[in-house]
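# Breakdown of the fold
Each chain is listed here by its residues.
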Amino acid sequence: MAMPGGDQELGSYYVGVDVGTGSVRAALVDQRGILLAFADQPINQWEPQFNHHEQSSEDIWVACCIVTNKVVQGIDLNQIRGLGFDATCSLVVLDKQFHPLPVNHEGDSHRNIIMWLDHRAVNQVHRINETKHSVLQYVGGVMSVEMQAPKLLWLKENLRETCWDKAGHFFDLPDFLSWKATGVTARSLCSLVCKWTYSAEKGWDDSFWKMVGLEDLVADNYSKIGNQVLPPGTCLGNGLTPEAAKDLGLPAGIAVAASLIDAHAGGLGVIGADVRGHGLACEGQPVTSRLAIICGTSSCHMGISKNPIFVPGVWGPYFSAMVPGFWLNEGGQSVTGKLIDHMVQGHAAFPELQAKATARCQSIYAYLNSHLDLIKKTQPVGFLTVDLHVWPDFHGNRSPLADLTLKGMVIGLKLSQDLDDLAILYLATVQAIAFGTRLIIEAMESAGHSISTLFLCGGLGKNPLFVQMHSDITGMPVVLSQEVESVLVGAAILGACASGDFASVQEAMARMSKVGKVVFPRREDKRYYDKKYQVFLKLVEHQKEYASIMKGD
């Protein structure tokens, strides 16, 4: 791929690698945060039984090598200065010689990763939460089944001989990747603070691990789960090892950064953008007035503050877990993109939709959006759901209710199952996700955050209906990045920091993240959405009432 000429200072490139749920993506990014090359490669997932989701670290590393080799084709490798990784917060298990161990009853050691969205450890997380240990204050009061402690406890209780007793290293996936690239087992503050109960100030809490029955991890100064912990963007060891350099097609010795979880890389890629000249309330305000929402398979809501803020049902405060020197609160919705797919693909009219979208060379969502425009007639599109309401917790509620037992709800179904019905159900689902965001924002604000602007990235940010509904329903402007692949920009920012080309993460963020489009709320529709939101809150209230009726004598 030909590179534009230009002055020498733009001659430095960084490689960002993002391991998502279903694929590995890589980008070559310049000092201005512009993507010069992009590649992606699917990765395997296994679901041996319901709620068990597994991957392979070897499989993922091979995919990383394929995409990095592609993005640097035809480049003068001397211009590549740094490499940054981000990944889902999945759990990688290796033995003492760093070979994979099975996380399944089949004993298949190729499948050595318990994926982030795996919910096998429900019983374990319930017992951990019953301890009411003080570390739980930093995860909104209740630990999620998607965090690592319950998964570790599950392995100890279910796969003692084949996995637990042989294990030498438990890595968060982002830390596995930086180890694979550098041979350094140091962990990122991001992973350990957000998913493993580590404290940036106090370190590990022995009493927690002993209380939950994982006292064996305290041995050897926590060598199995990490005892050297570095802020994201810190340069690791001597950079890229010759062996990893050969695999990745990159120069040996280039800087490799301590990594980030994928959502946090998205936050890093958008939250620091220079917003001057867009008429936004957050112009001239501190970065703490911004909320980054990273929306793909699931959604994460990243808000930062100068001082720690405790928000019930919202993870954090985590010190320096995303932007150094700031406390991070992280709200989230367990399924968003996955829920939209589920609702659309499960509908009787889905084959018709697929055929029509294919005939028009459109994605199914572009087709649905234009179909909604067709059937709305003179009214605003959002008004089509006046009597169809969705509660989106088909996979439980992560924030702010932190209730795994909640289910999805759809109210207002009719006998017809045509394309119009499918389009309106899709719209109601998108709105429900936006109402869920509004609920998270209200929880954060009532605890002390002050938010004026949303910064959206991730796959769903490419869907204009999703973006407009978030703006209308929250009443806030939504900023989209110039670079759609904000998560990859975030990963490249880490590589840029590790290379020493920028004095700080903040400086790199300001230079490398750019505003693309700003979407403002349609104020005239506010009253309608306020009413829909009242219904939304009633749905969960009623669901809880139904559950208590059924539990009663």
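Cut-off values and rules
Residues numbered from 1 in each chain as written. Predicted model: local features only at pLDDT ≥ 70, side-chain atom pairs only at ≥ 80, totals over all residues. Heavy atoms only, no water. Helix = DSSP H or I, 4+ residues; strand = E, 2+ residues; numbered from the N terminus. Rg over C-alpha atoms; globule rule 2.2 N^0.38 Å. Buried < 20%, exposed > 50% of the residue type's maximum accessible area, 1.4 Å probe, protein only. Contact = heavy atoms within 4.5 Å. Areas by Shrake-Rupley, 256 points an atom, 1.4 Å probe, with all protein chains shown as cover. Axes fitted to C-alpha atoms, helices over the stretch in contact; angles between N-to-C directions. Parallel < 35°, antiparallel > 145°, perpendicular 65-115°, else oblique. Nonpolar A, V, L, I, M, F, W, Y, C, P; charged D, E, K, R; others polar. UniProt positions renumbered as here; feature names shortened; annotations may be inferred. Domains from an automatic or database assignment. Buried area = accessible area lost by both parts, 1.4 Å probe. Salt bridge = Lys/Arg side-chain N within 4 Å of Asp/Glu carboxyl O. Polar contact = N/O pair within 3.5 Å; in protein donor to acceptor, adjacent residues only side chain to side chain. Pairing = 2+ DSSP bridges. pLDDT = per-residue confidence, 0-100.

Next up on the list: the overall build of the protein chain. For the protein chain, the count of helices and strands is 17 helices and 21 strands. Computed over its C-alpha atoms, the radius of gyration of the protein chain comes to 23 Å, within 12% of the 24 Å expected for a compact globule of 553 residues. In the protein chain, buried positions account for 61% of the 553 residues. Counting only contacts in the protein chain whose residues sit at least 6 apart along the sequence, the fraction spanning at least 24 positions is 72%. Roughly 21,200 Å² of accessible area belongs to the protein chain as shown, and the carbon and sulfur atoms make up 53% of that amount.

To characterise two packed helices, one gives the angle between the axes of the helices and the distance between these axes. Viewed as axis vectors pointing N to C, helix H10 (residues 337-345) and helix H12 (residues 364-375) meet at an angle of 70 degrees, and their least axial separation amounts to 12 Å. Of the possible angle classes, the one that applies to H10 and H12 is roughly perpendicular. Contact residues: Ile340, Asp341 and Val344 in H10; Ile364, Tyr365 and Leu368 in H12. Considered class by class, the residues forming the contact of H10 with H12 number 5 nonpolar, no polar and 1 charged.

The next point concerns the UniProt feature "domain: Carbohydrate kinase FGGY N-terminal" (unreviewed entry) in the protein chain. Cross-referencing UniProt, the feature "domain: Carbohydrate kinase FGGY N-terminal" (unreviewed entry) maps to residues 13-269 in the present numbering. Helix and strand shares over residues 13-269 are 30% and 21% respectively, and the end C-alpha atoms of the span are 16 Å apart.

Our next topic: the domain arrangement of the protein chain. The domains assigned to the protein chain are domain 1 (13-256), domain 2 (271-335 + 439-523) and domain 3 (337-437). On a C-alpha basis, the centroid separation for the pair domain 1 and domain 3 is 34 Å. In this complex, domain 1 contributes 8 residues to the contact, which on the side of domain 3 involves 4 residues. Together, the buried faces of domain 1 and domain 3 total about 500 Å²; carbon and sulfur atoms form 65% of this surface. On inspection of domain 1 and its partner domain 3, the count reaches 1 salt bridge. For the interface between domain 1 and domain 3, the tally reads 2 residue pairs in polar contact (both at pLDDT 80 or more).

Paired through their backbone hydrogen bonds, the strands of a sheet run either parallel or antiparallel. What the 4 strands build is an open sheet, ordered E4-E7-E6-E8; its pairing is antiparallel. Each of the sheet's edge strands pairs with one partner strand only, and the pair in question is strand E4 (54-55) and strand E8 (167-172). Pairing geometry for E4 and strand E7 (residues 113-114), over 2 bridges, is antiparallel. Directly across from Gln55, in E7, lies its bridge partner Ile113. Its contacts with the sheet put helix H4 (residues 173-182) on strand E6 (91-95), E7 and E8, and the angle it makes with E8 is roughly 110 degrees.

Right, let's talk about the environment of Leu83 for a bit. Here Leu83 is to be found in strand E5 (residues 80-87). A residue is classified by how much of its surface remains accessible, and Leu83, at 0% relative accessible area, is buried. With near-sequence residues (within four places) excluded, Leu83 lies in contact with Val15, Val17, Leu240, Leu248, Leu250, Ile254, Ala255, Val256, Ala257 and Gly495.

Look at the UniProt record and you will see "domain: Carbohydrate kinase FGGY C-terminal" (unreviewed entry) annotated at residues 291-498. As annotated, residues 291-498 comprises 40% helix and 19% strand, and the C-alpha atoms at either end are separated by 26 Å.

Spatial strand order, E15-E16-E14-E13-E19-E20-E21: 7 strands in an open sheet with mixed pairing. Since the sheet does not close on itself, it has two edges, and those belong to strand E15 (315-319) and strand E21 (515-519), each with one partner. Taking each pair of neighbouring strands and ignoring which way they run, the sheet shows an average axis angle of 25 degrees. For E15 and strand E16 (residues 327-333), the ladder comprises 3 bridges, and the chain directions are antiparallel. Counted as the bridge partner of Tyr318 is Leu328 from E16. Strands in contact with helix H9 (residues 262-271) are strand E13 (290-295), strand E14 (299-305), E16, strand E19 (453-457) and strand E20 (478-481); relative to E13, the strand with the most contacts, it is inclined by about 135 degrees. Strand contacts of helix H13 (residues 419-447): E13, E14, E16 and E19, with the helix running at about 150 degrees to E16, the strand carrying the most contacts.

With that out of the way, let us pick up the confidence of the model for the protein chain. The pLDDT averaged across the protein chain works out to 95; a share of 98% of its residues lies at or above 70. Residue range residues 1-10 is modelled with pLDDT below 50. Its contacts to residues more than four positions away, or to other chains, number 12 contacts.

We now examine the pattern of salt bridges. Applying the stated criterion across every chain yields a total of 24 salt bridges. Where Arg438 meets Glu442, a salt bridge forms, and the shortest distance between an N and an O atom there is 3.5 Å. In this pair, Arg438 and Glu442 both sit in helix H13, 4 residues apart, roughly one turn of the helix. Residue Glu442 is classed as partly exposed on the basis of its relative accessible area, which comes to 37%. Here Glu507 and Arg511 are joined by a salt bridge, their closest N and O atoms 3.9 Å apart. With Glu507 and Arg511 both in helix H16 (residues 505-512) and 4 residues apart, this pair spans about one turn of that helix. Residue classification places Glu507 among the partly exposed positions, given a relative accessible area of 31%. Residues joined by salt bridges that share partners form a network here, namely Glu54, Glu106, Asp108, Arg111, Asp118 and Arg120.

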